[in-house]
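For reference, the chains in residue letters:
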Amino acid sequence: MFERRMLQLYFICGTTDVPGGNIEQVLKEALTAGITMFQFREKGDGALTGDAKLAMALKLKELCLHHQVPFIVNDDWELAVRIAADGVHLGQDDQDIKEIINYFPDKIIGLSVSDFQEYDRSDLTHVDYIGVGPVYETSSKSDAKKPGGIELIRKMRLYDEDIPIVAIGGVTNKNCEPILKAGADGVSTISSIARSSNIEQDVKAYLHYYQKN
Ligand code: TZP
Ligand code: MG
């Protein structure tokens, strides 16, 4: 069951996002340090497929379960159903949520929204949170749209005062404060954790912003 605070530090990762390739080790460290949600986003050149992807998803789900952190699958809703993940995150061009909602009773559903046109054409009936971005430039998504900056978050929050928002794209623990002040409930990141040389320190620096507010 979704809770808004789960969005505070939402780590997204696939095997190809990790230099050296040890996603399990990275996730273990990130969970121990206090991430609040995890999304398995296995895509792009060299990504695992088939049984190897399934086996990795099961291992990562197990790690999340141990830390009581929701495990979300990006795009691949059939995999999410098959392994009884805590939820699925879909993009604008992925499966229509209405058609699969019956497979996700009481599960978490996230949707990517990069601008107001996308917001307007999205049916948010079953959506628990929206991922809004990119806020800043990102090198983790090849087809990312133009960054909308803090203004995108501020305007989205005014546009919908209630929907849980997690900001994405180029976020680090050095630039997250204005994003949260602009009305995001949390931030999501790939590279600032996957490529961190000190995951514990970097995760704690993010969480610090919630402790002081
Ligand atoms: N959607 C919009 S930007 C992005 C996704 C998946 C990539 C975010 O990666 P990073 O490394 O945190 O900029
Ligand atoms: Mg997608």
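Below you will find a few notes about this structure. (Residues numbered from 1 in each chain as written. Chains lettered and ligands numbered in written order. Predicted model: local features only at pLDDT ≥ 70, side-chain atom pairs only at ≥ 80, totals over all residues.)

A count of helical and extended segments in the protein chain gives 9 helices and 8 strands. For a compact globule of 213 residues, the expected C-alpha radius of gyration is about 17 Å, and the protein chain comes in at 16 Å, within 12% of that figure. Its C-alpha atoms give the protein chain principal-axis dimensions of roughly 45 × 40 × 30 Å. If you take every contact in the protein chain between residues at least 6 apart in sequence, the share linking residues at least 24 apart comes to 59%. (Helix = DSSP H or I, 4+ residues; strand = E, 2+ residues; numbered from the N terminus. Rg over C-alpha atoms; globule rule 2.2 N^0.38 Å. Contact = placed C-beta atoms within 7 Å.)

Here we come to unusual backbone geometry. For the bond from Gly133 to Pro134, the omega torsion is 5°, close enough to zero to count as cis. Position of Pro134 relative to the elements: it lies in the loop between strand S6 (129-132) and helix H6 (149-159). Of note in the backbone geometry, Gln68 takes a positive phi value of approximately 55° without being a glycine. Tracing the sequence through the fold places Gln68 in the loop between helix H2 (50-66) and strand S3 (71-74). For Gln68, a count of 7 C-beta atoms within 10 Å puts it in the exposed group. Here Ala84, not a glycine, exhibits a phi torsion of approximately 50°, which is positive. Assignment of secondary structure puts Ala84 in the loop between helix H3 (77-82) and strand S4 (87-90). Its 9 C-beta neighbours within 10 Å are what place Ala84 among the exposed residues. (Buried ≥ 20, exposed ≤ 12 C-beta atoms within 10 Å, placed from the backbone.)

Attention shifts here to the site of ligand 1. Residues in close proximity to ligand 1 total 14 residues, the closest being Thr138, Ser140, Gly169, Ile190 and Ser191. Looking at the shell around ligand 1 residue by residue, the class counts come to 5 nonpolar, 8 polar and 1 charged. (Near = placed C-beta within 6 Å. Nonpolar A, V, L, I, M, F, W, Y, C, P; charged D, E, K, R; others polar.)

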